[in-house]
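Structure assessment
Given next are the chains, with one letter for each unit.
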Amino acid sequence: MWNWPRRCSCSRERLARFVDRVTLIEGKFLSCPLEGRFEVLVAVGLFDHIADPMQFLTRMRSLCAPHASLVASFSAWTPPKGPLRRLRYAYVNRCPIYDYTAGGLDQLFAQAGFERLELRPGRAGLLAWARA
Ligand SMILES: C[S@@+](CC[C@H](N)C(=O)[O-])C[C@H]1O[C@@H](n2cnc3c(N)ncnc32)[C@H](O)[C@@H]1O
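A brief look at the structure comes next. Keep in mind that what you see is a predicted model, and the values were worked out from it rather than measured. The numbers attached to residues start from 1 for each chain and follow its sequence in the written order. In keeping with the model being predicted, local features are shown solely for residues with a pLDDT of at least 70 and side-chain atom pairs are shown and tallied solely at 80 or more, while totals for entire chains, interfaces and linings include all residues.

Let's shift gears to the overall build of the protein chain. Helical segments are the DSSP runs of H or I of at least four residues, strand segments are the runs of E of at least two, and each set is numbered from the N terminus. A tally of regular secondary structure across the protein chain gives four helices and four strands. Reading the protein chain from its N terminus to its C terminus gives the helix and strand order α-β-α-β-α-α-β-β. The size measure is the radius of gyration over C-alpha atoms, and the globule rule it meets is 2.2 Å times the number of residues to the 0.38 power. Relative to the compact-globule value of 14 Å for 132 residues, the protein chain shows a C-alpha radius of gyration of 16 Å, a close match. With the C-alpha coordinates of the protein chain rotated into their principal frame, the extents come out at 45 × 35 × 25 Å. Note that contacts rest on C-beta atoms placed from the backbone: two residues are in contact if these are within 7 Å. Across the protein chain, the fraction of contacts at a sequence separation of at least 24, relative to all contacts at a separation of at least 6, is 63%.

In structure tokens:
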């Protein structure tokens, strides 16, 4: 995973002042133990780098409390950002990057078991709000 140690130390620093209210769990999302169900799940900037989004959405759905919300961003190929992002991530930073379409996301979320999906176009992709 791209720059994992730096990302983790950045999260630790940012969350330090909420230490009495926040639990930071560091690990691979698909394999780390997570207990309980959650009302809100947020995945911003994650799916851009995920080769198999179905596995992630399925685990996220399994962690949802009844009627929970998942908010997630998805990169999409838009000119001129598409080629520039590909150049920056894939070739300069050597970090894989994946693009999504509204139709593809409709299918993915439905297959993962989400009840409802709203998609909003953003500057570099799509913002999804899904209900369990
Ligand atoms: C582009 S960063 C976005 C970070 C943050 N959400 C933000 O918006 O600033 C992508 C993040 O996804 C994390 N990530 C990628 N694959 C992961 C995995 N399998 N399990 C947990 N985190 C992962 C990376 O460590 C990184 O912190």
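Now that the structure is up, let's keep going.
Two numbers describe how helix H2 (residues 53-62) lies on helix H4 (residues 102-112): the axes approach to 9 Å, and their chain directions differ by 45°. In this view, H2 runs oblique relative to H4, as classed from their interaxial angle. Crossing of H2 over H4 shows right-handed handedness. Listed contacts from H4 to Pro-53, Met-54, Leu-57, Thr-58 and Arg-61 of H2 are Leu-108, Phe-109, Gln-111 and Ala-112. By residue class, the composition of the contact of H2 with H4 is six nonpolar, two polar and one charged. Inter-axis angles, ranging from 0 to 180 degrees, are taken between N-to-C directions of lines fitted to C-alpha atoms, where helices are fitted over the stretch in contact. Roughly parallel means an angle under 35 degrees; roughly antiparallel means over 145; roughly perpendicular covers 65 to 115; every other angle is labelled oblique. Left-handed describes a crossing whose near helix is turned anticlockwise from the far helix through less than a right angle; right-handed describes the clockwise counterpart. Put simply, Ala, Val, Leu, Ile, Met, Phe, Trp, Tyr, Cys and Pro go in the nonpolar bin, Asp, Glu, Lys and Arg in the charged bin, and everything else, Gly too, in the polar bin.

Any residue with 12 or fewer other C-beta atoms within 10 Å of its own C-beta is exposed, any with 20 or more is buried, and the rest are partly exposed; the C-beta atoms used are placed from the backbone. By the burial criterion, the buried members of H2 are Pro-53, Leu-57 and Met-60. For H2, the angular spread of buried residues about the axis comes to 60°, placing them on one side. This arc is built from the directions going out from the helix axis to the C-beta atoms.

Near, for a residue, is defined by distance from a backbone-placed C-beta atom to a molecule or strand, with 6 Å as the limit that must not be exceeded. Residues in close proximity to the ligand total 10 residues, the closest being Arg-7, Phe-29, Val-44, Gly-45 and Leu-46. Per-class residue counts for the shell around the ligand are six nonpolar, two polar and two charged.

All right, on to unusual backbone geometry then. Glycine aside, a negative phi is what most residues show, and trans is what most peptide bonds show. Pro-79 connects to Pro-80 through a cis peptide bond whose omega is 0°. With respect to the helices, strands and loops of the structure, Pro-80 is situated in the loop between strand S2 (64-75) and helix H3 (81-92). With a phi angle near 55°, Arg-94 is a residue other than glycine that sits in the positive phi range. Counting through the fold element by element, Arg-94 comes out in the loop between H3 and H4.

Any nonpolar core is a set of buried residues, restricted to Ala, Val, Leu, Ile, Met, Phe, Trp, Tyr and Cys, that join up through C-beta atoms within 7 Å. Counting 18 residues, the largest nonpolar core has Phe-74, Leu-105, Phe-109, Leu-126 and Ala-128 as its most contacted members. Contributing elements (two or more residues each) for this core: H2, S2, H4 and strand S4 (125-131). Setting aside chain neighbours within four positions, we find Leu-105 in contact with Phe-74, Tyr-100, Leu-117, Leu-119, Leu-126 and Ala-128.

Before going further, it helps to spend a moment on the environment of Gln-107. Tracing the backbone through its elements, the reader meets Gln-107 in helix H4. When the 11 C-beta atoms within 10 Å are taken as the criterion, Gln-107 is described as exposed. Measuring from C-alpha to C-alpha, the distance between Gln-107 and Ala-43 comes to 18 Å, with 64 residues separating the pair along the chain.

Once that is clear, we can look at the pairing of S2. In this analysis, strands are considered paired if DSSP registers two or more bridges between them. By the bridge criterion, five bridges tie strand S1 (residues 38-43) to S2 in an arrangement that is parallel. What sits directly across from Val-40, in S2, is Ser-69. In this fold, the crossover linking S1 to S2 by way of H2 has right-handed handedness. Looking at chain direction, S2 and S4 are connected through seven bridges and run antiparallel. Bridge pairing in S4 places Ser-73 opposite Leu-127. A clockwise path from the first strand over the helix to the second, with the strands pointing away from the viewer, defines a right-handed crossover.

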